[in-house]
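Now for the letters of each chain:
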Amino acid sequence: MITPRLDLILKHISGNSVADIGTDHAYIPIKLAQRGIRVIATDIRKGPLDMASAHVKKSGCEVDLRLGPGLAPISAGETDDIVIAGMGGEMIIKILTADEEKAKSATLILQPMNSQYELRQYLYNNGYDILCEDLAIEGFKVYNLIVAKATSTQKTKTEEALQFINDIDFHLPRVLYDHPLFSQLLNKKKREYTRIYSGLSSSAVSDPNQLGYAKTTLDSILALEKELGLL
C-alpha cells in the first residue's frame, strides 16, 4: 500500500539501484522492482524481513532481502541510492555514523519521523550537501524528506551561508519556503515550541538555557510567520 509519505520517497529516487534500510513491509522495494530497478531490502529483525519476503513473493518481483542492522548488510558503492525512512532522526544519525564510508557512497533519501533539526545539523556538519527537501501530508501529520549526498568539493563560507544562516533554518529550511505545504510545517513547529515553552515556563525546575532556547526559537518562528505573510 503506497501512502502519501511513501509516494514522496518514490518520487525522489533516481538511481538504477537502491537499498531500502529497515524495509518493514517492503512496499517501496516492490514498487521500485516493478520499475525495473535493482533493489536490496534490509531489516534488523527476522520477523519483519519474513513479512517483507512474503509480500515480495506475492508480488512476483525480484528483491534482494538481507538481514542485519543499519548499513551492515550492504557494501560501499553497491547502490546508487540509500533509503532510510520510518525511524527517528537520531536513529538515522547512528546508522550513518556507524558506516560513514557506505553512507557517503550513495545519495541518501531520508525520511525522519522526528529530530529533523538534529539530522540536518548532523548532515551539514559532517560533509554532506542537502540537495533538496520535500513535504507530504498523511492523515494529520506533516512528513519531511531530505535528499543528501557527500560533498564533492570544499564549499566557501559564502556558499555555506546561503543554505543555513540562522539556527531557525535547521528547523524550517529556506528551501521549503515556497513549498505549498510549508505553512502546515510552520504551524506544526509553532505548536511544538509553544508547548515546549509553556511546559518549561510553568516548571519550577526548568533549565534556564532550555527555557531561553525555547523562547528564542518560538520568537523566530513567529517572526518568520509574519515575514512570509502566513498569519
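This report concerns the structure included in the present document.

Here is what the cut-offs are and how they apply
Residues numbered from 1 in each chain as written. Predicted model: local features only at pLDDT ≥ 70, side-chain atom pairs only at ≥ 80, totals over all residues. Heavy atoms only, no water. Pairing = 2+ DSSP bridges. Helix = DSSP H or I, 4+ residues; strand = E, 2+ residues; numbered from the N terminus. Axes fitted to C-alpha atoms, helices over the stretch in contact; angles between N-to-C directions. Contact = heavy atoms within 4.5 Å. Parallel < 35°, antiparallel > 145°, perpendicular 65-115°, else oblique. Left-handed = near helix turned anticlockwise from the far one by under 90°. Nonpolar A, V, L, I, M, F, W, Y, C, P; charged D, E, K, R; others polar. Core = buried A, V, L, I, M, F, W, Y, C linked by side-chain atoms within 4.5 Å. Buried < 20%, exposed > 50% of the residue type's maximum accessible area, 1.4 Å probe, protein only.

### Notes on the sheet that holds strand β4 (residues 81-87)
- As summarised here, the arrangement of the seven strands in space is β3-β2-β1-β4-β5-β7-β6, forming an open sheet in which the pairing is mixed. Edge positions in the sheet fall to β3 (64-67) and β6 (128-138), since each has one partner strand and no second. Taken over all neighbouring pairs, the strand axes of this sheet differ in orientation by 20 degrees on average, direction set aside.
- Where strand β5 (residues 107-112) and strand β7 (residues 141-150) come together, three bridges link them in antiparallel fashion. Each residue of the ladder has a partner; that of Leu 110, found in β7, is Ile 146.
- In the packing of helix α2 (residues 27-34) onto the sheet, the strands contacted are β1 (17-21) and β2 (38-43), and the crossing angle to β2 comes to about 170 degrees.

### Description of the packing of helix α1 (residues 4-11) against α2
- Orientation of α1 relative to α2, taken along the N-to-C sense of each, is 45 degrees, at an axis distance of 11 Å. Regarding the angle of α1 to α2, the classification is oblique. Seen along the crossing, α1 lies across α2 with a hand that is right-handed. Of the residues in α2, those touching α1 at Leu 6, Ile 9 and Leu 10 are Tyr 27, Ile 28, Lys 31 and Leu 32.
- Across the contact of α1 with α2, the residue classes break down as six nonpolar, no polar and one charged.

### Digging into the nonpolar core
- Ile 82, Ile 84, Leu 96, Leu 110 and Leu 123 are the most contacted members of the largest nonpolar core, which totals 26 residues.
- Looking at this core, the elements that each hand over two or more residues are β1, β4, α4 (89-98), β5, α6 (116-125), β6 and β7.
- Leaving out residues up to four positions away in the same chain, Leu 123 has contacts with Leu 96, Leu 110, Tyr 128, Ile 130, Ile 146 and Ala 148.
- Core analysis: the next-biggest nonpolar cluster, separate from the first, contains 24 residues, Leu 10, Ala 33, Ala 52 and Leu 145 among them.

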